[in-house]
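Structure assessment
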Amino acid sequence: MSKVLKEYFKEVRSSDAYDYGGYGDIFDFVVDTSEQNSVDWVITNPPFRFAEEFVLRALRVARVGVAILARSVFLESVGRYNSIFESSPPTKFAQFSERVPMVRGRLDKKASTATGYAWLVWERATVGAPQLMWVPPCRKYLERPGDYTIPLNN
C-alpha cells in the first residue's frame, strides 16, 4: 500500500499494530503520542472493533483529512453517531460497488466476501452535507502483478 501512495505523496509513513512482514513501523495508533495536526493525512484500514477510536485519534492528528476503509455497517451505530458523526460527519462516503475481499494476515488473490466496504473521508476544508458516491468496479483494472507477493523490504 505505501508504495502506491508514494507515487502520489512526497512522504508516506506506514505502520501496523502487528508485524505482517515488511510493511512499516509497528506501534498502536490509538495510543500513539503523535502531536495534534502532525501529519497531513491519515489513511487507514483500521480493525473494525477499534475503528471508532482510530477515527477519533486520526481527526486530532491530521491537518488536511482522514480516510478510512471500513465495513459499510460502520455507519450503523448510535454510539458512533454520538461520538463521531453528529459533530464530525464524513465529507464523502464512497461505497464499493464490488466486494472487496480481505483476509487477515495474508494475501489471497482468490478470496471472496459477503461484506460490503466503503471509504469514509473527512476533509477539513470541505463544508456542507456528506457526499454519497460509489467506487465503480475497478479491481481488475487496479490490481498489479506484484500485489500478491510479500516484499522483502519496505
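Right above here is the structure, for reference.
Let me sum up the structure you'll find in this document. Not measured: the values here are computed from a predicted model.

The helix and strand inventory of the chain stands at 4 helices and 7 strands. Listed N to C, the secondary structure of the chain is α-β-β-β-α-β-α-β-β-β-α in terms of helices and strands. Per-residue burial for the chain yields a buried fraction of 29% across its 154 residues. When the accessible surface of the chain is summed, it comes to about 10,600 Å², and 54% of that surface belongs to carbon and sulfur atoms.

All told, the structure shown has 3 salt bridges when counted by the stated rule. Lysine 92 is paired through a salt bridge with glutamate 123; the nearest N and O atoms lie 2.7 Å apart. Of this pair, lysine 92 sits in strand β5 (residues 92-96) while glutamate 123 sits in strand β6 (residues 117-123), and the two are 31 residues apart along the sequence.

On the surface, Val4, Tyr8, Phe9 and Ile43 cluster together into a nonpolar patch covering about 380 Å² of accessible area. Locating isoleucine 43 in the fold gives a position in strand β3 (residues 39-44).

With that settled, the discussion passes to the side chain of arginine 80. As for its position among the elements, arginine 80 is in helix α3 (residues 78-85). One buried charge, arginine 80, has no salt-bridge partner; the nearest side chain with opposite charge is glutamate 52, at 4.7 Å. In this structure arginine 80 touches Phe48, Glu52, Val73, Phe74 and Phe85, once residues within four positions along its chain are discounted.

In this structure, the second largest pocket spans a volume of roughly 190 Å³. In terms of lining, the second largest pocket is formed by 14 residues, of which the most central are Ser88, Pro89, Trp122, Glu123 and Arg124. Elements supplying a minimum of two residues to the lining of the second largest pocket: β4 (62-71) and β6. Broken down by class, the residue content of the lining of the second largest pocket amounts to 6 nonpolar, 6 polar and 2 charged.

Turning next to α3. Buried residues of α3: Arg80, Ile84 and Phe85, and no others. The buried residues of α3 all sit within an arc of 65 degrees when viewed along its axis, so they share a single face. Packing partners of the buried residues in α3 comprise α2 (51-61) and β6. For α3, the side-chain oxygen to backbone nitrogen distance between the N-cap and glycine 79 is 3.2 Å, and the N-cap itself is serine 77.

What follows deals with the nonpolar core. Of all hydrophobic cores here, the largest spans 20 residues; its most connected members are Val42, Val55, Val66, Ile68, Phe74, Leu120 and Trp122. Secondary-structure elements contributing two or more residues to this core are β3, α2, β4, α3 and β6. Here this core gets 6 residues from one element, more than from any other, and that element is α2. Formed by 7 residues, the second largest nonpolar core is a distinct cluster that contains Ala94, Phe96, Val100 and Tyr117.

Calculation notes
- Residues numbered from 1 in each chain as written.
- Predicted model: local features only at pLDDT ≥ 70, side-chain atom pairs only at ≥ 80, totals over all residues.
- Heavy atoms only, no water.
- Helix = DSSP H or I, 4+ residues; strand = E, 2+ residues; numbered from the N terminus.
- Buried < 20%, exposed > 50% of the residue type's maximum accessible area, 1.4 Å probe, protein only.
- Areas by Shrake-Rupley, 256 points an atom, 1.4 Å probe, with all protein chains shown as cover.
- Salt bridge = Lys/Arg side-chain N within 4 Å of Asp/Glu carboxyl O.
- Patch = residues over 30% accessible without salt bridge, like charges linked within 9 Å, V, L, I, M, F, W, Y side chains within 5 Å.
- Lys, Arg positive; Asp, Glu negative; His and termini not counted.
- Contact = heavy atoms within 4.5 Å.
- 1 Å grid on protein atoms, 1.4 Å probe; cavity = no way out; pocket = protein on both sides within 12 Å on 5 of 7 lines; lining within 4 Å.
- Points joined across faces, edges and corners; volume = space filled by probe spheres on them.
- Nonpolar A, V, L, I, M, F, W, Y, C, P; charged D, E, K, R; others polar.
- Arc of directions from axis to C-beta.
- Polar contact = N/O pair within 3.5 Å; in protein donor to acceptor, adjacent residues only side chain to side chain.
- Core = buried A, V, L, I, M, F, W, Y, C linked by side-chain atoms within 4.5 Å.

Honestly, that's just the spatial picture; any functional story needs more than this.
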